[in-house]
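As a plain string of letters, each chain reads:
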Amino acid sequence: MNPGANPPGRCLEVKGLHVHYGSIHALHGADLHVDRGEIVCVVGANGAGKSTLMWAIAGVLPLTGGSIALNGAPLPARAHEIVTLGVCLVPERRRLFTALSVRENLIMGAVRRTDRDGIALDMEKCFELYPVLKERIDQRSGTLSGGEQQMLAVSRALMGRPSVLLLDEPSLGLAPLVTDALFDTILRIRDEGVTVLLVEQNALLALDIGDRGYVLQTGEIIKSAPCAELAEDPLIRRAYLGEE
Ligand SMILES: Nc1ncnc2c1ncn2[C@@H]1O[C@H](COP(=O)(O)OP(=O)(O)OP(=O)(O)O)[C@@H](O)[C@H]1O
Ligand SMILES: [Mg+2]
């Protein structure tokens with residue numbers, strides 16, 4: 001077998017990733033992979049580099065070393081080309097177009113598509129997933145509740161028909177019940193064939209729904225294991241789950 005070949009089922013492969021902000025070295029050679037159909041979690045404290053990793057995969061931040069491949073081929077450098085390949089980011093703090101309505105935000109998510117019927121169908125699918133968005137369809141998104149805004153941010157990404165969904169801190173600022181409901185929908189999205197890379201400070205939540213997980217600490221992956229195993233690891237429980 002060709003040792004450089006993409007392993008079967010391998011979707012995303014991040015190798016030796018370095019990212020700098022000027023002189024700040026935010027990622028120091030991070031390695032991780034995501035196989036098709038998985039939910040892979042990256043947990044880590046504030047400032048560990050989780051968002052940097054997501055912005056780098058999405059093509060918004062340039063790499064200063066290493067590589068990222070999608071289905072065995074190098075990811076293009078530009079963000080819009082990466083979206084076209086089906087890798088869509090739901091950024092931390094949602095970054096909606098707050099002056100635009102729910103409908104307009106969803107349409108913006110489909111901006112690279114031309115299949116009108118498919119777009120209408122996918123909008124209906126989003127409303128099945130999050131019925132409240134249909135009730136609020138003409139409301140300005142900046143006036144939605146935090147939970148509704150997160151649902152809209154996820155839906156906007158789904159309107160791009162992603163094969164890989166990058167979720168950065170979806171639980172941020174949400175009440176526990178709203179978070180639980182949102183995480184149930186992440187499982188549904190995966191069950192419909194979307195591969196998920198989920199970054200969370202709330203390790204307990206992420207490890208509960210993920211298949212495999214990575215622990216990122218000051219720009220380095222210090223551990224990787226099935227989520228069930230990480231959730232039982234005493235070191236992880238002390239550092240990230242607040243246990244004594
Ligand atoms: N625009 C920037 N300019 C300079 N340094 C930055 C910038 N953005 C992030 N950093 C630094 O890079 C490191 C990683 O930040 P990042 O936002 O990726 O962390 P994070 O794990 O997402 O944290 P949080 O859990 O708070 O969202 C931090 O030390 C941060 O201060
Ligand atoms: Mg972050």
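These remarks concern the structure in this document. (Residues numbered from 1 in each chain as written. Chains lettered and ligands numbered in written order. Predicted model: local features only at pLDDT ≥ 70, side-chain atom pairs only at ≥ 80, totals over all residues. Heavy atoms only, no water.)

### A short note on the overall build of the chain
Logical step 1: Regarding its fold elements, the chain presents 10 helices and 10 strands.
Logical step 2: Against the 2.2 N^0.38 benchmark of 18 Å for 244 residues, the chain shows a C-alpha radius of gyration of 18 Å, consistent with a compact globule.
Logical step 3: Counting only C-alpha atoms, the chain reaches 45 × 45 × 35 Å along its principal axes.
Logical step 4: Long-range contacts, defined here as pairs at least 24 residues apart, represent 67% of the contacts in the chain between residues at least 6 apart.
Logical step 5: With 24 positive and 30 negative side-chain charges, the chain shows a separation of 6 Å between the mean positions of the two kinds. (Helix = DSSP H or I, 4+ residues; strand = E, 2+ residues; numbered from the N terminus. Rg over C-alpha atoms; globule rule 2.2 N^0.38 Å. Contact = heavy atoms within 4.5 Å. Lys, Arg positive; Asp, Glu negative; His and termini not counted. Charge placed at Lys NZ, Arg CZ, Asp CG, Glu CD.)

### What about the site of ligand 1?
Logical step 1: Taken together, 14 residues form the shell around ligand 1, and within it Asn46, Gly47, Lys50, Ser51 and Thr52 come nearest.
Logical step 2: Contact between ligand 1 and Gly47: an oxygen atom at 2.8 Å from a main-chain N or O atom of the residue.
Logical step 3: In the environment of ligand 1, an oxygen atom lies 2.5 Å from a nitrogen or oxygen atom belonging to the side chain of Thr52.
Logical step 4: Secondary structure elements with two or more residues in the shell around ligand 1: strand S2 (24-35) and helix H1 (50-57).
Logical step 5: Counting residues per element, the shell around ligand 1 draws most heavily on H1, at 3 residues.
Logical step 6: A breakdown of the residues in the shell around ligand 1 according to their chemical character gives 5 nonpolar, 6 polar and 3 charged. (Near = heavy atom within 4 Å. Polar contact = N/O pair within 3.5 Å; in protein donor to acceptor, adjacent residues only side chain to side chain. Nonpolar A, V, L, I, M, F, W, Y, C, P; charged D, E, K, R; others polar.)

### Topic: the coordination of the magnesium ion (ligand 2)
Logical step 1: Ser51 (OG) and Glu92 (OE) make up the full set of protein donors to the magnesium ion (ligand 2), lying at 2.0 Å. With Ser51 in helix H1 and Glu92 in the loop between strand S6 (87-90) and helix H3 (102-109), the pair connects residues that are 41 residues apart, well separated along the chain. (Donors = N, O, S within 2.8 Å, 3.2 Å for Na, K, Ca; no water.)

### Let's talk about the state of the cysteines
Logical step 1: All chains considered together, the criterion is met by 0 disulfides.
Logical step 2: Of all cysteine sulfurs in the structure, the one in Cys88 sits closest to Cys11, which takes part in no disulfide; the separation is 12 Å.
Logical step 3: Cys11 sits in the buried class, given a relative accessible area of 3%.
Logical step 4: Unpaired in terms of disulfides, Cys88 finds its nearest cysteine sulfur in Cys126, a separation of 12 Å. (Disulfide = S-S within 2.5 Å. Buried < 20%, exposed > 50% of the residue type's maximum accessible area, 1.4 Å probe, protein only.)

### Here's the deal with helix H6 (residues 146-158)
Logical step 1: Helix length check: H6 (13 residues) gives 18 Å between terminal C-alpha atoms against 18 Å at 1.5 Å per residue, within 8%.
Logical step 2: In terms of burial, H6 is a largely internal element, 12 of the 13 residues being buried.
Logical step 3: Burial in H6 covers these residues: Gly147, Glu148, Gln149, Gln150, Met151, Leu152, Ala153, Val154, Ser155, Arg156, Ala157 and Leu158.
Logical step 4: Elements that come into contact with the buried residues of H6 comprise S6, H3, helix H4 (116-129), helix H5 (131-135), strand S7 (164-168) and helix H7 (176-191). (Expected span 1.5 Å × (residues − 1).)

### Quick notes on the environment of Ser155
Logical step 1: Its location among the elements puts Ser155 in helix H6.
Logical step 2: For Ser155 and Val102, which are 53 residues apart along the polypeptide, the C-alpha to C-alpha distance reads 9.8 Å.
Logical step 3: Leaving out residues up to four positions away in the same chain, Ser155 has contacts with Leu106, Cys126, Tyr130 and Leu133.
Logical step 4: A polar atom in the side chain of Ser155 sits 2.8 Å from the backbone oxygen of Met151.

### Focus on the sheet that holds S7
Logical step 1: Strand order in this open sheet of 6 strands is S6-S7-S8-S3-S9-S10, and the pairing throughout is mixed. What marks the edges here is a single partner per strand, and that holds for S6 and strand S10 (220-226). Each strand of the sheet is rotated relative to its neighbour by a mean of 15°, with strand direction disregarded.
Logical step 2: In this structure, strand S9 (residues 212-217) lies alongside S10, joined through 6 bridges in antiparallel fashion. Within S10, the position partnered with Leu216 by the bridge is Ile221.
Logical step 3: In the packing of H6 onto the sheet, contacts are made with S6 and S7, and the angle to S6 comes to roughly 170°. (Pairing = 2+ DSSP bridges. Axes fitted to C-alpha atoms, helices over the stretch in contact; angles between N-to-C directions.)

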